[in-house]
Amino acid sequence: MSGLVVDAERCIGCRRCVRACGSAGIEVVDRLARPTQGCILCGACVDACPVDAISIERDASASGQDLDAYRDIWVFAQLDAAGSVERVALELVGKARQLAAVRGCRVVAVLGEGAGASDDNARLLMSSGADEVLRCRDDRLATLDTEVYARWLTSLAEERRPETVLLGATAFGRELAPAVAVRLRTGLTADCTVLEIDQASGQLQQTRPAFGGNLMATIVCPGHRPQMATVRPGIFPVPDPADGSSLTASSEGDATSDGQTSGERPASGAAADDVTEVKLDPAVSSRIRVLEHEPVDAGASIADAEVLVVVGRGIGSKKNLPLMRRLAELLGAELGCTRPLVEAGWLEYRHQVGQTGVSVAPRLLLSIGVSGAIQHLAGIGGAQTVVAINEDSEAPIFGASDCCVVGDCIEVVNELVAQLERRS
Amino acid sequence: MRIIVCVKAVPSTTEVKMDPVTNTIVRDGAQSVVNPFDSTALELALRIKDEREALGDDVRVTVLSMGIPDTERLLRDCIARGADDGLLLSDRAFAGADTLATSYALSCGIRHLGRPDVVICGKMAVDGDTAQIGPEIAGVLDVPCIADVRELLACDGNCLRVRRGTDAGIELVEAPLPAVITVAKDAAQLRMPAICGVRASLAAPVEVLDVAGVGADPARCGLAGSPTQVVRSFVPERSSGGAWLEGSPAQQAEQLVELVEGMGL
């Protein structure tokens, strides 16, 4: 029987576990902790216990799967509205390349396209580091329909048995991944920001922001394969296709020896035998009909902005927004904000940066009056240079900044605007 | 018409205190509330009910949750606001469930209630942020799923029509019933309970079932049925290797202008 176990020898009855519990799931009676009916095995007390007296015991996970039958790392290559590979898919191919080097396996990109698609996407995936592209060219895959894609990926994974499947944590990726995981009855970790792999077992250590965002949790999937994760866009760099390119098509193509000796497989052009054409079951069809499509306002994408001014509650009042807009204008920047400002109605949701908003990756991010809750920080990991202005020198935002300015943000921005205006 | 709304109890506060010794979250038995996204899900269900009942249809809205016994209080609050009844799956054997085990348990609850026309979930829970339960339930039930619904336009007995968010913008889509939808928090604001609703909620049926009662396989529930495990949780390091700009605001601004110019902007 699995469950919460308290070591009576160690427990000192300090009640830290009781304070850490969100569900009244543990109590201290006669200076000894014990779980109640409210325990949901969330593990908060395990972490809170200063003497390591509490643990969660679980029966050996029995999926009945032969884990050794599963190999390679798959990356789902989502396409954008224009039919090109999404940036995050390339980021993941790059990351998968690193993981494959540790594990000694191959990187396989999975690409669904319309019937008439060219080789461009497959070629880009190969030159970004994929060893093989599994491609299905079928008009049913030309639109991003979760159910059609889920059935396709499920049957492909059942047949070819990948050890790991990575998807970008885009809106579609976060809808598709659970639809596949539940059909494969395997584990899925959402929105990871850190990935590491164990060389011997191939177990993926998936780290993501957890409860309230103040904690990071590292999650593993020990007994089930494939292990699946969606990964936040903008965390890993896009591999440079030119990097180490020898342009000699590897004719040994799908050879398994490839990644086992060196993970840094030389990039090559798409040799025809590196692209494996696969089929989609004729019985699969979409049940959802798209009647109308309203594209995103192109002028307002903070996700692709090169320079970004991000404002938080510390700017004090909505009256100060025009000043921030002026600063953004002078820097040629887009304006982003934190969640409280959207909730207060100062700016629209599309401006929201962070875990529940947009992940951004500008060259320069100027953060003004932002305290830096981890949900927010999680969305700015892709920024190259972060400059923060905040009056609280202890604000967490400074921990994520390359350049820290402690001061009244309105005063500093007024000065900055004045000096930039003088410059131009 | 049968609508099932899945709700989760989450801590009422997003303000989090840390224990300085163990570096863990201190919750101090904070009262739980219905996940805000799920409140929106309930409101959309109640709107369908209002609309269809005005046309003479019979619509039953059931709230479904997996949680500790105390969650019954929240289901009664949902009934006070207009839901007809509730089902709570509560058993120590459900504890420790990841999203696969949770969606399995909820699907068992849905099957126990009889085949619904629509299952409505919040897009995500504010404590877990996985956004996986809705699509996973749809997968188990083998029905279409529409995620991130921003606006419910129509729902008759045969199909529903919604506006949803996608990577490439907003789409107007139609799906046949039965279907699962997951809703964005700002799609609606949950109504307040009416006095008669509060009175009704006290007497309303809230069924509480354990693993056996709902006909679930214990091996697929809770910790035992969860492929994923949390092996470590930790407070992220905040190492500041950044430069601190000193001086008056004017001097600080001057250094910032230099930095911007240095980047060629």
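Some words on the overall build of chain B
Inference 1: Counting its regular elements, chain B contains six helices and 15 strands.
Inference 2: Principal-axis analysis of the C-alpha atoms places the extent of chain B at approximately 70 × 45 × 40 Å.
Inference 3: For chain B, the proportion of its 265 residues judged to be buried stands at 53%.
Inference 4: Excluding contacts between residues fewer than 6 apart, the proportion of contacts in chain B whose partners are at least 24 apart in sequence is 69%.

Describing helix α4 (residues 120-127) of chain A
All names here are of chain A.
Inference 1: Burial of α4 is extensive: six of the eight residues sit out of reach of the surface.
Inference 2: Among the residues making up α4, those that are buried are Asn 121, Ala 122, Leu 124, Leu 125, Met 126 and Ser 127.
Inference 3: Considering only its buried residues, α4 is in contact with β5 (73-77), α3 (87-103), β6 (107-113), β7 (132-137) and β14 (275-277).
Inference 4: Following α4 by one or two positions, Gly 129 adopts a phi angle in the positive range, close to 130 degrees.

As for the confidence of the model for chain A
All names here are of chain A.
Inference 1: When pLDDT is averaged across chain A, the result is 87; 88% of the residues are at 70 or more.
Inference 2: Ranking the elements of chain A by mean pLDDT puts helix α7 (residues 258-261) last with 39 and β5 first with 98.
Inference 3: In the predicted structure, residues 244-270 sits below a pLDDT of 50 and forms 51 contacts with residues beyond four places in sequence or in another chain.

Focus on the packing of helix α5 (residues 146-160) of chain A against helix α6 (residues 171-184) of chain A
All names here are of chain A.
Inference 1: One way to put it is that α5 packs onto α6 with a least axis distance of 9 Å and a crossing angle of 45 degrees. Accordingly, the angle class assigned to the pair α5 and α6 is oblique. Like other packed secondary-structure pairs, α5 and α6 cross with a definite hand, here right-handed. Residue-level contacts link Thr 146, Glu 147, Tyr 149, Ala 150, Leu 153, Thr 154 and Ala 157 of α5 to Glu 175, Leu 176, Ala 179, Val 180, Arg 183 and Leu 184 of α6.
Inference 2: Of the residues assigned to the contact of α5 with α6, the class counts are eight nonpolar, two polar and three charged.

Some thoughts on the domain arrangement of chain A
Inference 1: Once the domains are mapped, chain A shows domain 1 (3-57), domain 2 (67-277) and domain 3 (298-423).
Inference 2: Residues that form the side of domain 2 of chain A that touches domain 3 of chain A fall into these classes: three nonpolar, four polar and one charged.

Structural notes on helix α11 (residues 409-423) of chain A
Inference 1: In a regular helix each residue adds 1.5 Å, so 15 residues correspond to 21 Å; α11 of chain A covers 21 Å between its end C-alpha atoms and thus fits that length.
Inference 2: For α11 of chain A, the full list of buried residues reads Cys 409, Ile 410, Val 412, Val 413, Glu 415 and Leu 416 of chain A.
Inference 3: Where α11 of chain A is buried, its residues meet α8 (321-331), β18 (364-368), β19 (385-390) and β20 (403-406) of chain A together with α6 (249-262) of chain B.

Digging into the sheet that holds strand β10 (residues 194-197) of chain A
Inference 1: Spatial ordering of the open sheet is given by β10(A)-β11(A)-β12(A)-β14(B), a layout of four strands whose pairing is antiparallel. The sheet is open, and its two edges are formed by β10 of chain A together with β14 (229-234) of chain B, each paired on a single side. Along the sheet, successive strands turn relative to each other by an average axial angle of 20 degrees, direction set aside.
Inference 2: Relative to strand β12 (residues 216-220) of chain A, strand β11 (residues 204-209) of chain A is paired through four bridges, and the arrangement is antiparallel. When the bridges of β12 of chain A are listed, Gln 206 of chain A appears paired with Ile 219 of chain A.

Things to note about the sheet that holds β7 of chain A
Residue and element names in this part refer to chain A.
Inference 1: Within the open sheet, the seven strands sit side by side as β9-β13-β8-β5-β6-β7-β14. Their pairing is parallel. Looking at the sheet topology across the chains shown, the edges are occupied by β9 (188-192) and β14. Shown here is a sheet whose adjacent strand axes are inclined to one another by a mean of 25 degrees, direction ignored.
Inference 2: Bridge count for β9 against strand β13 (residues 227-231) is three bridges, and the pairing is parallel. Looking at β13, one finds that Leu 188 is bridged to Met 228.
Inference 3: Contacting β5, β6, β8 (164-168) and β13, α3 crosses the sheet at an angle of about 175 degrees to β5.
Inference 4: Strand contacts of α4: β5, β6, β7 and β14, with the helix running at about 165 degrees to β6, the strand carrying the most contacts.

A few points about the nonpolar core
Inference 1: Counting residues in each nonpolar core, the largest one holds 161 residues, and the members touching the most others are Val 75, Val 110 and Leu 125 of chain A together with Val 5, Ala 105 and Ile 120 of chain B.
Inference 2: No fewer than three residues from each of domain 1 (3-57) and domain 2 (67-277) of chain A sit in this core.
Inference 3: What Val 75 of chain A contacts, discounting residues up to four positions off in sequence, is Ala 89, Leu 92, Val 93, Ala 96, Val 107, Ala 109, Val 110 and Leu 166 of chain A.
Inference 4: Among the nonpolar cores identified, the runner-up in size contains 50 residues, and Ile 302, Ala 328, Val 342 and Val 405 of chain A belong to it.

Details of the interface of chain A and chain B
Inference 1: Counting residues at the interface gives 91 residues for chain A, matched by 81 residues for chain B.
Inference 2: Here the element with the most residues in the side of chain A that touches chain B is α6 of chain A; it accounts for nine residues.
Inference 3: With six bridges connecting them, strand β15 (residues 289-295) of chain A and strand β11 (residues 169-176) of chain B associate as antiparallel partners. Along β11 of chain B, the bridge assignment pairs Val 290 of chain A with Val 173 of chain B.

Observations concerning the pairing of strand β10 (residues 159-166) of chain B
Residues and elements named next belong to chain B.
Inference 1: Bridge analysis of strand β9 (residues 145-155) against β10 gives five bridges, and the strand direction is antiparallel. Within the sheet, the bridge partner assigned to Glu 151 lies in β10 and is Arg 163.
Inference 2: Remark: three residues form the turn of the hairpin made by β9 and β10, two consecutive strands paired antiparallel.
Inference 3: Relative to β11, β10 is paired through eight bridges, and the arrangement is antiparallel.

Parameters and conventions
Residues numbered from 1 in each chain as written. Chains lettered and ligands numbered in written order. Predicted model: local features only at pLDDT ≥ 70, side-chain atom pairs only at ≥ 80, totals over all residues. Helix = DSSP H or I, 4+ residues; strand = E, 2+ residues; numbered from the N terminus. Buried ≥ 20, exposed ≤ 12 C-beta atoms within 10 Å, placed from the backbone. Contact = placed C-beta atoms within 7 Å. pLDDT = per-residue confidence, 0-100. Axes fitted to C-alpha atoms, helices over the stretch in contact; angles between N-to-C directions. Parallel < 35°, antiparallel > 145°, perpendicular 65-115°, else oblique. Left-handed = near helix turned anticlockwise from the far one by under 90°. Nonpolar A, V, L, I, M, F, W, Y, C, P; charged D, E, K, R; others polar. Domains from an automatic or database assignment. Expected span 1.5 Å × (residues − 1). Pairing = 2+ DSSP bridges. Core = buried A, V, L, I, M, F, W, Y, C linked by C-beta atoms within 7 Å.

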